[in-house]
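Architecture at a glance
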Amino acid sequence: MQSDSPTSSSAPRSPLGFLQSLLGSVRPPEWVVDEVQNRVVLFLNHVLMQEPQAQQRLRRQQGKPVRVQWGDFHLTLAATPAGLLERPAGDRQPELNVTLTQASPFALAQKVLAGERPGVDIQGDVQLAAEVAWLVDNVRWDVEEDLSRLVGDAMAHTLVGGARSAATAVKAFVGRRAPGGAGRGDGHSA
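Residues numbered from 1 in each chain as written. Predicted model: local features only at pLDDT ≥ 70, side-chain atom pairs only at ≥ 80, totals over all residues. Heavy atoms only, no water.

A count of helical and extended segments in the protein chain gives seven helices and five strands. Reading the protein chain from its N terminus to its C terminus gives the helix and strand order α-α-α-β-β-β-β-α-β-α-α-α. Long-range contacts, defined as pairs at least 24 residues apart, comprise 58% of the intrachain contacts of the protein chain with a sequence gap of at least 6. (Helix = DSSP H or I, 4+ residues; strand = E, 2+ residues; numbered from the N terminus. Contact = heavy atoms within 4.5 Å.)

In structure tokens form, the structure reads like this:
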């Protein structure tokens, strides 16, 4: 029996929709997820080690698990006595849950590139939430400083300047495609 519905599977799908569904159905092996989470913790600690005030604030929240979730991806972190982050052992209940509400990776990237904050749902310890918000607002990775250790100050400055220019161009493009253009669904592309 065939469906006369316009939403049947024979309706053409956009390449972006196909890519999103493909990415959504791919599940990496558990060991890959575990390794990526470990690398995220290492990177966050690298950034935090450059910010003594952030480490001091984290020490006050020592041992309190925070679970960050986006779709099927989740990562639970807790502050250490040194004011860094670790993945806590065991299945302790998080004291703070932070859930990114934007389901589409492309829409999330579009918001971030446009300089907007993605939507989040926060539940749990209010003081811990305030500290996490402070970290998000005040801690930044100094890419140029890290890069200069590898390639020298002048080259790092040039590379970061080029990346900023590219990011500005992408933001401008996203801005032109946002509300008025991106969601038209008329099949036209820029």
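After that view, the rundown keeps rolling.
On to the pairing of strand β4 (residues 96–100). For strand β1 (residues 66–70) and β4, the ladder comprises four bridges, and the chain directions are parallel. From the neighbouring strand, Arg67 faces β4, where its bridge partner is Asn97. In this structure, β4 lies alongside strand β5 (residues 120–124), joined through five bridges in antiparallel fashion. From the neighbouring strand, Val98 faces β5, where its bridge partner is Ile122. (Pairing = 2+ DSSP bridges.)

The next subject is the nonpolar core. Of all hydrophobic cores here, the largest spans 13 residues; its most connected members are Leu48, Ala54, Leu58, Leu135 and Val139. Elements with a contribution of two residues or more to this core: α2 (30–48), α3 (52–59), β2 (73–79) and α5 (126–138). Residues in contact with Ala54, not counting those within four places in the same chain, are Leu48, Trp134, Leu135 and Val139. One finds Val66, Leu96, Val98 and Ala129 within the second-largest nonpolar core, a separate group that totals five residues. (Core = buried A, V, L, I, M, F, W, Y, C linked by side-chain atoms within 4.5 Å. Buried < 20%, exposed > 50% of the residue type's maximum accessible area, 1.4 Å probe, protein only.)

So, about the side chain of Thr80. Position of Thr80 among the secondary structure elements: in the loop between β2 and β3 (85–86). With sequence-adjacent residues up to four places away left out, Thr80 is seen in contact with Arg59, Gln62, Leu85 and Glu86.

Turning to the confidence of the model for the protein chain, a few remarks are in order. On average, residues of the protein chain score 77 in pLDDT, and 63% of them are at 70 or above. Mean pLDDT across the elements of the protein chain ranges from a minimum in helix α1 (residues 15–25), with 61, to a maximum in β3, with 96. In the model, residues 2–11 has pLDDT below 50 throughout and makes two contacts with residues more than four positions away in sequence or in other chains. Contacts from residues 181–190, a stretch scored under 50 in pLDDT, to residues over four places away or in other chains number seven contacts. (pLDDT = per-residue confidence, 0-100.)

What follows concerns the pairing of β1. Pairing geometry for β1 and β2, over five bridges, is antiparallel. Residue pairing for β2: Val66 is matched across the bridge by Leu77. Between the end of β1 and the start of β2, which pair antiparallel, lie two residues, with Gly71 showing a positive phi angle near 60 degrees.

The strand order across the open sheet formed by five strands is β3-β2-β1-β4-β5, and the pairing between neighbours is mixed. The strands lining the two open edges of the sheet, one partner per strand, are β3 and β5. Docked against the sheet, α2 engages β2 and β3, running at close to 45 degrees with respect to β2. (Axes fitted to C-alpha atoms, helices over the stretch in contact; angles between N-to-C directions.)

With that settled, the discussion passes to α3. The complete set of buried residues in α3 reads Ala54, Gln55, Arg57 and Leu58. For α3, the angular spread of the buried residues around the axis is 160 degrees, confining them to a single face. On its buried side, α3 packs onto α2, β2, β3 and α5. (Arc of directions from axis to C-beta.)

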